[in-house]
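Each chain, letter by letter, is given below.
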Amino acid sequence: PILLVLKSFVAEAFVIPTGSMAETLYGYQKLVKCPTCTHLFPVNCSSEVEQTPGAGTFTVSSCTCPNCLLGIRLLKPNEQSFPDEPAVQDPGCTTGDRVLVGKYLYDLPGNSPQRFDVVVFKYPGNSNPNEFNLGSPRFPTSGPQRNHTPMNYIKRLIGLPGETIGLKGGKLYRIA
């Protein structure tokens, strides 16, 4: 019973599920060593571990070295590469980084989320069905779910209330 209280109100551990925040926080990944330049780099493999609703899982069979831009094939056990084809043995997926979330911290007076904090939240869904299209379901049924439970998202906070965030030419802009 005490563990349930702690998990509900004090702190909870989460595994980063995807590579969307790499290079700072890693999700499920494969560590690949480039056969040409020997650069060691992570490859997002969350699609092999986390099921896509209605589609299942997808195998990551190739990648590109971020150092020399070489296309590399990831070979499964007993699979052969073609002559002159850059290939390495598939290293397999490793689990994502873990974060411990203090649930009460933002409830303290004067302690609101700050830019670049790592935050955990449930998909907000569509709370106003008339906003996007008539008849769309309300939260939580409008967002991604696993076993009828809305999924957690772990992201870095960029925009604060009242700000508009935009991307142009690969650069992030904040409009107050």
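Residues numbered from 1 in each chain as written. Predicted model: local features only at pLDDT ≥ 70, side-chain atom pairs only at ≥ 80, totals over all residues. Heavy atoms only, no water.

### A few points about the state of the cysteines
Covalent bonding between the sulfur atoms of two cysteines is what defines a disulfide.
Logical step 1: In this structure the tally under the stated criterion is 1 disulfide.
Logical step 2: Residue C45 pairs covalently with C93 via a disulfide, S to S 2.2 Å. Taken together, the residues span a long stretch of sequence, with C45 in the loop between β3 (40-44) and α2 (46-49) and C93 in the loop between β6 (87-89) and β7 (98-102) at a distance of 48 residues.
Logical step 3: By relative accessible area, which is 30% here, C93 ends up partly exposed.
Logical step 4: With no disulfide of its own, C63 lies closest to C65 among cysteine sulfurs, the gap being 8.0 Å.
Logical step 5: Classification of C63 as buried rests on a relative accessible area of 10%.
Logical step 6: Between C65, a cysteine without a disulfide, and C37, which holds the nearest cysteine sulfur, the sulfur-to-sulfur distance is 3.7 Å. (Disulfide = S-S within 2.5 Å. Helix = DSSP H or I, 4+ residues; strand = E, 2+ residues; numbered from the N terminus. Buried < 20%, exposed > 50% of the residue type's maximum accessible area, 1.4 Å probe, protein only.)

### Quick word on the nonpolar core
Logical step 1: Grouped together as the largest cluster of nonpolar side chains are 13 residues, with contacts concentrated most on V32, C34, F41, V43, C63, I72 and L74.
Logical step 2: When near neighbours in sequence (up to four residues on either side) are disregarded, V43 contacts Y28, Q29, K30, V32, V60 and C63.
Logical step 3: Counting residues in each nonpolar core, the second largest holds 6 residues, with I16, M21, L25 and I154 among its members. (Core = buried A, V, L, I, M, F, W, Y, C linked by side-chain atoms within 4.5 Å. Contact = heavy atoms within 4.5 Å.)

### Things to note about the side chain of D90
Logical step 1: Take D90: it is sitting in the loop between β6 and β7.
Logical step 2: Classification of D90 as buried rests on a relative accessible area of 15%.
Logical step 3: Once residues within four sequence positions are removed from consideration, D90 is found in contact with K30, V60, L74, L75 and K76.

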